[in-house]
Amino acid sequence: MTAPALPAPAGADLSPRRSWLPATATQYLLWLAALVLIVGPLVPVVWASLWSTPLYEAGGSLTVANYSALLSDAEWWEAVRNSVEFALLATVGSVVLGTAMAVLFTRTDLPGRRLFGVAVLLPVVVPGLPLILGWAAIYAPSGYVTRWIETSTPLPVVWDLYSVPGMAMLAVGIAAPVVAMLVRGSLSTQDAALEQAARTAGASPVRALVTVTVPLLRPAVLNSGLIVFALSLEVLGLPLILGSSRDIDFISTYLYDRWLNTVPPEQGLVSAGAVVLLAVVAVLMLVRNRLAGDTARFQTVGGKATAQASIRLGAARWPLCALVSAYLLVVLVLPLAGLLLTAFTTTLTPFVDPWTVLSTDHFRTVVDDPVFSRSITNSLIVAVVGGALATLAIAALSIVAHRSSFRHRGSLQYVMLSPRAIPGLVAGMAFFWAFVVIDPSGRLRSSLWAIGLAFAVRSLALGYSAFYPALAGLGEDLDRAARTAGADWWTAMRTIVLRLLRPAMGVSFVLLFVAMLNDYDPAVFLSTPGTEVMGLTMLKLWAAGTAGPVAALGVIQVVVTFAVLGVGRLLFGVRPRV
C-alpha cells in the first residue's frame, strides 16, 4: 500500500535549483583551465630553449645557440647512446618475459597460476626508488648476494648492476609486469575457436598456441613495447643511483647534472634537451596510438565466442612452477628483503650475521632529522590534498568530455591523456619556467602548491582511467529525466551523475594518492629548502652516500603505499593500472 503524497506547502518552489552560470560558460571555463594547466606550461620550455638568457633575467634575444651547443656536445650523444642501449635492452627483455608470463598464467595449467598472476604485478605497485635501493643492497658489486656468491660458492657473478646491461636487467624486473598486464588483456579477449580449429587439423596444443594465438598478440606486444621504450628513455632514479659511480650518463642525468650541478646552470641548453626528449617521446606515443587504433584486423571475438581451454604442460608443469617462483624470489622477494635489512641493520654484509646488528637507529634518524621528517609530512600533504583536488577536477572534466554536447569535448579527452606522454623531468621544467613567467616573485614556485600542481597534472591520465569506464557504464536516462524536470545541465550533473560517480572518485583518489606520494621527477626543478618530498630526498641522500636512513625512508614509503592500496582494494576494488 502506498502512502498518499503530502501536498506541497503553499508558495513552495519545487522547481530544481538552477546554476547561475550558463552550461556553455561552465564548459568553456573548464576546457580553458585544462588547456592552460596541462598544455600551457610547455610553451615556456620551448621559449626558454630559444632564448639567449634565462627567462627570469631581463633582456635576451631569439637564438638557436642552445640547440647548437646541445647537438655539438659529445657528452650529450654519449648520454643518448647509453639511453637508447638501455631502452632497447629493457624493452626486448620486458616484452619477451612479460609475454611468456602472460601466456603461462592465462592459457596453461601451470600450478598456482592465479597466485603468480597477482604476485608478478607487485613490482608495478611497489614504489620505484625503494625497489632500486633493495636491488642495490642485494645485487650491486658490494651487495649481499653478490658478495655471498663470490666468497661462498665457485660460481662466477655474471652481472654488474653498475653497467648499462645491469641497469636494464633491473628495469626488466619492473617493466615486464606492465607488458604481462597488457598482453593478458589481449589474450582474455581472443576466441579459442581458432586454436581449436588448428588442433582439429592435427596441430599440437603448443603449435596451435605459437602459430595462431601468439601472432594475434602483435598489437598488444607492440603497444606495450613502445610504452616501455618511451618510459625507459626518461627514467632518472635508476641511472642516478647506479650509474653515477661509473660516470654513466643517460639523457635524464645529463639534463639533471647541467641544471643542478653545473655553475652557472646551463638552463637554456637543458631546456633544449627537454624539448628534444619531449618530441621523441611524443612521436613514440603517436606511433603507439596509431598501432593501438589498427586493431580491427586482429579481432577474433564475435557474437558467440568459444570458451578457452588450458594447454596441458605435462611433465613441464612443476619445473616451470619452480622457475616462476625463482623469478619472483630474484626480482621481488630478495630486493625487498635487502631494503628491510638495510633499514633495520647497522651494517649489511655477508661477513656479519644480520641478526647480531639489528637496530632501529636509521628510523630514529628519520624521525629526528628535520629534512627526513619534513619530506614525509610534505609528501603526505601533497598526496592527500593534491589527490582530493585533482579527483574533483578530473570528475568535472570527465563529465564535460563524456556527458555534454560541448563543442570541444573530444579534444578534452586527448588533453587529459596527454600528460602520459610528457616525461617527468620535462613536466617539472615546464612548471618551473611557467611560474617564472607568471610569478616573478617566486613565492608560488617555492611553495608546496607548485609541486602538488605539477604532480597532479602528471597523474591526470591515471585518475581519468578510473572515470572513463564508470561513465561508460552509466546510462543517460537519469540525467535526461532531470533535464526534462527543469534542471539545467550542471544541476543534473551535480545532483545525479557526480553522486553516482562516488566509487570512481574513490578509486581515482587512491590511484592519485599513491602516484603523487611516490613521484619525484618534477620536484627536481621545483623543490626548495622546506618543500622537500620523500622521493627527491632519497635520491639526493643516496647519491651522497647515506644508505641506512634512506632505506628506512623507503620502507616507510612502501608501507604507506601498500596500506593505502589495501584500503582502496577493500573499499573500491582498486587494481594496478598502466
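Sequence order as written defines the numbering, with residues in each chain counted from 1. With the structure being a predicted model, the display of local features is reserved for residues of pLDDT at least 70 and the display and counting of side-chain atom pairs for 80 or more, all residues being used for whole-chain, interface and lining totals. Note: side-chain values were computed over all heavy atoms of the structure, leaving out hydrogens and water.

- Per an unreviewed UniProt entry, the protein carries the name ABC transporter permease subunit and comes from Iamia majanohamensis.
- UniProt positions are given in the numbering used here, feature names are shortened, and annotations may be inferred rather than shown by experiment. UniProt annotates the protein under Sequence similarities (unreviewed entry) with the comment "Belongs to the binding-protein-dependent transport system permease family."

### Here we look at the overall build of the protein
- A count of helical and extended segments in the protein gives 28 helices and zero strands.
- The principal-axis extents of the C-alpha atoms in the protein amount to approximately 90 × 75 × 50 Å.
- Taking all 578 residues of the protein together, 49% fall into the buried category.
- Surface exposure of the protein reaches about 27000 Å², of which carbon and sulfur atoms provide 66%.
- Distance from the positive charge centre (37 side chains) to the negative charge centre (29 side chains) of the protein: 14 Å. Working definition: helices are DSSP H or I runs of at least four residues, strands are E runs of at least two. Numbering for both runs from the N terminus. Whether a residue is buried, partly exposed or exposed follows from its accessible area with a 1.4 Å probe, protein chains only, as a fraction of its type maximum: under 20%, in between, or over 50%, in that order. All accessible-area figures derive from a Shrake-Rupley calculation using a 1.4 Å probe, and residue coverage is judged against the displayed protein chains alone. His is not counted, nor are the chain ends; Lys and Arg add positive charge and Asp and Glu add negative charge. In plain terms, the charge of a residue is placed at NZ if it is Lys, CZ if Arg, CG if Asp and CD if Glu.

### A few points about the UniProt feature "domain: ABC transmembrane type-1" (unreviewed entry) in the protein
- Mapped onto this numbering, the UniProt entry gives "domain: ABC transmembrane type-1" (unreviewed entry) at residues 80–288 and 376–568.
- With 76% helix and 0% strand, residues 376–568 has its two end C-alpha atoms placed 21 Å apart.

### Thoughts on a nonpolar patch on the surface
- Think of a patch as exposed residues, more than 30% relative accessible area, with no salt bridge, where like charges cluster within 9 Å and nonpolar side chains (Val, Leu, Ile, Met, Phe, Trp, Tyr) cluster within 5 Å. Every case where a carboxyl oxygen of Asp or Glu lies within 4 Å of a side-chain nitrogen of Lys or Arg is listed as a salt bridge. A grouping of Trp 47, Ile 381, Val 384, Val 385, Leu 389, Leu 392, Val 437, Ile 438, Leu 444 and Trp 449 is seen on the molecular surface, where their side chains present a nonpolar patch of about 940 Å² in accessible area.
- Breaking the nonpolar patch down by element, the ones donating at least two residues are helix H18 (370–402) and helix H20 (424–438).
- Ranked by the residues each element gives to the nonpolar patch, the list is headed by H18, at five residues.
- Within the secondary structure layout, Leu 389 lies in helix H18.
- We classify Leu 389 as partly exposed; its relative accessible area is 45%.

### A look at the layout of surface pockets
- Using only the protein atoms, space was sampled on a 1 Å grid; points where a 1.4 Å probe fits but cannot get out form cavities, open sets with protein on both sides within 12 Å along at least five of seven lines form pockets, and lining residues are those with an atom within 4 Å of a point. Grid points are joined across faces, edges and corners, and a volume is the space filled by probe spheres set on the points. When its volume is computed, the second largest pocket comes out at roughly 480 Å³.
- Leu 389, Ala 390, Ala 393, Leu 453 and Ala 456 are the residues nearest the centre of the second largest pocket, which is lined by 22 residues in total.
- Contributing elements (two or more residues each) for the lining of the second largest pocket: helix H1 (23–39), H18 and helix H21 (448–458).
- The nonpolar class holds Ala, Val, Leu, Ile, Met, Phe, Trp, Tyr, Cys and Pro. Asp, Glu, Lys and Arg form the charged class, and all remaining residues, Gly among them, are polar. Tallied by class, the residues present in the lining of the second largest pocket amount to 20 nonpolar, two polar and no charged.

### Regarding empty space enclosed by the protein
- Under the definition given, this model contains two cavities of 30 Å³ or more.
- For the largest cavity, the calculated volume is near 70 Å³.
- Around the largest cavity, the lining residues are Ile 38, Pro 41, Leu 42, Pro 419, Ile 422, Ala 427, Ala 430, Phe 431, Ala 454, Val 457 and Arg 458.
- Those elements that provide at least two residues to the lining of the largest cavity are H20 and H21.
- Broken down by class, the residue content of the lining of the largest cavity amounts to 10 nonpolar, no polar and one charged.

### Section: the nonpolar core
- Only buried residues count toward a nonpolar core, which is a set of Ala, Val, Leu, Ile, Met, Phe, Trp, Tyr and Cys residues joined through side-chain atoms within 4.5 Å. Formed by 154 residues in total, the largest nonpolar core has its most connected members in Leu 242 and Trp 433.
- By definition in these notes, contact holds between two residues if any of their heavy atoms fall within 4.5 Å. The residues contacting Leu 242, other than those within four sequence positions of it, are Ile 132, Ala 136, Leu 161, Tyr 162, Met 167 and Leu 170.
- Ala 175, Leu 187, Leu 209 and Ala 220 belong to the second-largest nonpolar core, a separate cluster that totals 11 residues.

### Considering the environment of Arg 147
- With respect to the helices and strands, the residue Arg 147 is situated in helix H8 (residues 144–152).
- Judged by its relative accessible area of 29%, Arg 147 is partly exposed.
- Sequence separation between Arg 147 and Thr 347 is 200 residues; the distance between their C-alpha atoms is 14 Å.
- With residues near it in sequence (within four places) discarded, Arg 147 still touches Pro 141, Ser 142, Pro 350 and Phe 351.
- Polar contacts, as counted here, are pairs of nitrogen or oxygen atoms within 3.5 Å of one another; within protein the pair requires one atom able to donate a hydrogen and one able to accept it, and residues that are adjacent in sequence qualify only if both atoms are side-chain atoms. In this structure the side chain of Arg 147 is engaged in a polar contact, spanning 3.2 Å, whose partner is the side chain of Glu 150.

### Re the packing of aromatic side chains
- Aromatic pairs are defined between Phe, Tyr and Trp rings, using the six-membered ring for Trp, whenever the two ring centres lie within 6.5 Å; interplanar angles under 30 degrees are classed as stacked, those over 60 as edge-to-face, and all others as tilted. Under the defined criterion, the tally for this structure stands at 19 aromatic pairs.
- Measuring from ring centre to ring centre gives 4.9 Å for Tyr 28 and Phe 406, while their planes differ by 90 degrees; the resulting arrangement is edge-to-face. In this pair, Tyr 28 is assigned in helix H1 and Phe 406 in the loop between H18 and helix H19 (409–417), connecting sequence segments 378 residues apart.
- With a relative accessible area of 31%, Tyr 28 lands in the partly exposed category.
- Residues Trp 76 and Tyr 254 carry aromatic rings whose centres are separated by 5.4 Å and whose planes lie at 65 degrees to one another, so their mutual orientation is edge-to-face.

### Details of unusual backbone geometry
- The omega torsion across Val 263 and Pro 264 is -10 degrees, close enough to zero to call that bond cis.
- Along the chain, the position of Pro 264 falls in the loop between helix H14 (251–260) and helix H15 (267–293).
- If you check the backbone angles, Asp 247 has positive phi at about 55 degrees while not being a glycine.
- Along the polypeptide, Asp 247 turns up in the loop between helix H13 (237–243) and H14.
- Residue Asp 247 is classed as exposed on the basis of its relative accessible area of 70%.

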